[in-house]
Amino acid sequence: MTTPASRLAEARRLVVKIGSSILVDEGPGEVRRTWFEALCDDIARLASGGREIVLVSSGAIRLGRTLLRLPGGALRLEESQAAAAAGQIRLAHAYQESLARRGLTAAQVLLTLDDSEERRRYLNARQTMTTLLTLGAIPVINENDTVATDEIRFGDNDRLAARVAEMVSADTLLLLSDIDGLYTADPRSDAAASFIPEVRTITPEIEAMAGGAASELSNGGMATKLTAARIATGAGCRMAIADGRPVGAIAALLDGPGRATWFLPESTPLSARKKWIAGSLKPAGSLTVDDGAVRALAAGKSLLPAGVRAVEGGFRRGDVVEVRDSAGRALARGLVAYAADDARRIAGHKSAEIESLVGYRGRDEMIHRDDLVVDQA
Ligand code: GLU
């Protein structure tokens, strides 16, 4: 039987979003220590099962508010930015220290909206995060609130977490919140509200249900969680909303009796990403490859610079390009790791020569296989 426990246990690459209202207590405005230690125990337990974990943690502004002794009530933009600057370092320290005691290395990544929406920066952020995961570290991510102004902000970490899940091709996203999931109506005001354990399609009815259940303690109400669910499931990632307030909330999900609302995708992360690449509009250029590369692509391998014979077009790094065989037939599409000028310089050369040809140590692949969609012959 598929249960919340088995769904979470199945995760191989998991993003956990931790909301401000569960991390920081309302009174002194400090990290909830006992709760936080239990969270780090849970993270260590998940990681020891061979899972790759990414944390998206809020709390910088709330912690910074305490540290800078800012008054209650709404903060002005520059006050929030100042609070984030003071609070983020506190937040990062808490993770670094508590995870280190469990033998885990935390690595801070601060993102802005552009990092997920602008293709080149998206590729950079993706590469950095997947490298951290490969090296066994736990990326601890937040929005870069000190430089992000309202127009260029995610604003809420539910959406940021979903973008991160999309970026790293995570299979599971867990939103730990101060509500335990989606109800047919607001459970605080409607006694007839019933809990929804599973959502396969986000219908207008589901959207209407999310209307009233916003939490007053954080920016992310139910509506932002649905937006996150749409992004995550669109990227082939399942998403759960669970109550993160109890001590050991993840353990409760894994061992019972924890409950969650699960949003289930139709595809897997890799197929969703490839669909996006295949469906992209006009390619910005093309690469003509030799027969060896044609065979490598057919075998599911990456395209290396050595196999590239000619480069056409004025594309930039991260653009979609078409891959052609020597007869000019289109074989594949992919996100190219080099701008056209550099691609021309390294075409036909071994990956080990890249640095001496372009002056920096770039990627070994011209197009990585995860970024490549080969046409079915
Ligand atoms: N990035 C903000 C912070 O760390 C929080 C945004 C949110 O709670 O969704 O304080």
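Bear in mind the structure is a predicted one, so any value in this text is a computation, not a measurement. (Residues numbered from 1 in each chain as written. Predicted model: local features only at pLDDT ≥ 70, side-chain atom pairs only at ≥ 80, totals over all residues. Heavy atoms only, no water.)

**Student:** Explain the site of the ligand to me, please; I cannot follow it from the model alone.
**Tutor:** Around the ligand, the neighbouring residues are S20, S58, G59, A60, I61, N142, D145, G155, D156 and N157. A60 has a polar backbone atom sitting 3.0 Å from an oxygen atom of the ligand. In this structure, an oxygen atom belonging to the ligand sits 2.6 Å away from a main-chain N or O atom of N157. If the ligand stood free it would expose 300 Å²; the protein chains cover 95% of that surface. (Near = heavy atom within 4 Å. Polar contact = N/O pair within 3.5 Å; in protein donor to acceptor, adjacent residues only side chain to side chain. Areas by Shrake-Rupley, 256 points an atom, 1.4 Å probe, with all protein chains shown as cover.)

**Student:** What is the right way to look at the sheet that holds strand β15 (residues 372–374) in this model?
**Tutor:** Pairing between sheet strands relies on hydrogen bonds along the backbone, with the strands arranged either parallel or antiparallel. Ordered in space as β12-β11-β13-β14-β15, the 5 strands form an open sheet in which the pairing is mixed. If you trace the sheet from one side to the other, it starts and ends with β12 (308–313) and β15, each paired once. Between one strand axis and the next, the sheet turns through 20° on average, direction left out of account. For strand β13 (residues 320–324) and strand β14 (residues 330–335), the ladder comprises 5 bridges, and the chain directions are antiparallel. For E322, the partnering residue across the bridge sits in β14 and is R333. (Pairing = 2+ DSSP bridges. Helix = DSSP H or I, 4+ residues; strand = E, 2+ residues; numbered from the N terminus. Axes fitted to C-alpha atoms, helices over the stretch in contact; angles between N-to-C directions.)

**Student:** In this structure, what is going on with the sheet that holds strand β3 (residues 106–111)? I would like to understand it.
**Tutor:** In spatial order, the strands read β3-β4-β2-β1-β5-β9-β10-β8; together these 8 strands make up an open sheet with mixed pairing. In this open sheet, the two strands that pair with only one neighbour each are β3 and β8 (198–199). As defined by bridge partners, strand β5 (residues 172–177) adjoins strand β9 (residues 238–243) across 6 bridges and the pair is classed as parallel. Opposite L174, over in β9, you have A240 as the bridge partner. Here helix α5 (residues 77–100) sits on the sheet in contact with β1 (13–18), β2 (52–57), β3 and β4 (138–143), set at roughly 155° to β3. Strands in contact with helix α7 (residues 119–134) are β1, β2, β3 and β4; relative to β3, the strand with the most contacts, it is inclined by about 170°. (Contact = heavy atoms within 4.5 Å.)

**Student:** Please explain the environment of A272 as it appears in this structure.
**Tutor:** In this structure, A272 sits in helix α12 (residues 269–278). Between the alpha carbons of A272 and L23 there is a distance of 32 Å; along the sequence they are 249 residues apart. Filtering out sequence-adjacent residues up to four positions away, A272 remains in contact with G234, A235, G236 and S267.

**Student:** Explanation requested: the side chain of S286 in the structure shown.
**Tutor:** Structurally, the position occupied by S286 is in strand β11 (residues 285–289). Residue classification places S286 among the buried positions, given a relative accessible area of 3%. Not counting residues up to four positions away in its chain, the partners in contact with S286 are A310, V311, E312, F315, V321, E322 and R324. (Buried < 20%, exposed > 50% of the residue type's maximum accessible area, 1.4 Å probe, protein only.)

All we've got here are geometric facts, nothing functional implied.
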